[in-house]
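The primary structure of each chain is shown beneath.
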Amino acid sequence: MVILLQHSNNLSIGHSSVSDPTAAGALSRAGHTAAAVVLGFILVLGFLGNFLVLLVFSRFPGLVTPVNLLLINISISDMLVCIFGTPLSFAASVRGRWLTGSYGCRWYGFSNAFFGMVSLVSLSLLSLERYTVVLSSTQSDSSQYRRARLAVAASWFYSLVWTLPPLLGWSRSVLPKH
């Protein structure tokens, strides 16, 4: 049976009341448990995988090339998502509700957007770097290290410019109202 929900353009199958939490898009207990399991795997494997990448680069400094500086940057930002963002969503899934209030919501939005954007910008710069290598065969020199360091710094600055304003109150991340 398909019923059109009041005050919405969404169709719901088998739900006759807008006050029903499942009709509002809330997850069931099983849904929260499944999300918690997936987020737990992401948290543990993401942290350990990125930690191992950083450990290998620290133990073998010869691997630190200009292009690998971008890979190190991606690992650092991904690890920071695992430290500062994923635990909040994992805890919320375990408990079946958001736990940290509006300030936690703002921090969660900022940290995931900021560190995620650093990773995406770094991946874009890595793609651009690989494209230029394919077009021209150049040898590694100190200017490439300088450019790689500048690219890493630019990825953090660019990401901060776009993600800091909502943290400070210009626009915002908010908890949905059910």
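Residues numbered from 1 in each chain as written. Predicted model: local features only at pLDDT ≥ 70, side-chain atom pairs only at ≥ 80, totals over all residues. Heavy atoms only, no water.

*Asks:* Just to check I follow, could you spell out a nonpolar patch on the surface for this structure?
*Replies:* Residues Val-37, Phe-41, Val-44, Leu-45, Phe-47, Leu-48, Phe-51, Leu-52, Leu-55, Ile-83, Phe-84 and Trp-107 make up a contiguous nonpolar surface patch of roughly 1100 Å² in combined accessible area. Those elements that place two or more of their residues in the nonpolar patch are helix H1 (29–59) and helix H2 (66–84). The residue Leu-55 is located in helix H1 in this model. Taking the relative accessible area as the measure of exposure, Leu-55 reaches 37% and is therefore partly exposed. (Patch = residues over 30% accessible without salt bridge, like charges linked within 9 Å, V, L, I, M, F, W, Y side chains within 5 Å. Areas by Shrake-Rupley, 256 points an atom, 1.4 Å probe, with all protein chains shown as cover. Salt bridge = Lys/Arg side-chain N within 4 Å of Asp/Glu carboxyl O. Helix = DSSP H or I, 4+ residues; strand = E, 2+ residues; numbered from the N terminus. Buried < 20%, exposed > 50% of the residue type's maximum accessible area, 1.4 Å probe, protein only.)

*Asks:* Looking at this structure, how should I read the packing of aromatic side chains?
*Replies:* What characterises a pair of aromatic rings is the spacing of the ring centres plus the angle enclosed by the ring planes. As enumerated under the stated definition, the model contains ten aromatic pairs in all. Ring centres 5.4 Å apart and planes at 70° place the aromatic pair Phe-114 and Trp-156 in the edge-to-face group. Taken together, the positions of Phe-114 in helix H4 (residues 101–135) and Trp-156 in helix H5 (residues 142–167) put the pair 42 residues apart, joining distant regions of the chain. Residue Phe-114 is classed as buried on the basis of its relative accessible area, which comes to 8%. (Phe/Tyr/Trp six-rings, centres within 6.5 Å; stacked < 30°, edge-to-face > 60°.)

*Asks:* Hey, could you run me through the side chain of Asn-68 in this one?
*Replies:* Structurally, Asn-68 is set in helix H2. Once residues within four sequence positions are removed from consideration, Asn-68 is found in contact with Phe-57 and Leu-63. (Contact = heavy atoms within 4.5 Å.)

*Asks:* Could you clarify how one ought to interpret the packing of H1 against H2 in this entry?
*Replies:* The angle between the axes and the distance between the axes are what describe a pair of packed helices. The interhelical angle for the contact between H1 and H2, taken along N-to-C directions, is 150°, at an axis separation of 9 Å. Regarding H1 and H2, the two cross each other, and that crossing is left-handed. When H1 is examined against H2, the residues Ile-42, Leu-43, Gly-46, Phe-47, Asn-50, Phe-51, Val-53, Leu-54 and Phe-57 are found in contact with a partner set consisting of Asn-68, Ile-72, Ser-75, Ile-76, Asp-78, Met-79, Cys-82 and Ile-83. Its residues assigned to classes, the contact of H1 with H2 shows twelve nonpolar, four polar and one charged. (Axes fitted to C-alpha atoms, helices over the stretch in contact; angles between N-to-C directions. Left-handed = near helix turned anticlockwise from the far one by under 90°. Nonpolar A, V, L, I, M, F, W, Y, C, P; charged D, E, K, R; others polar.)

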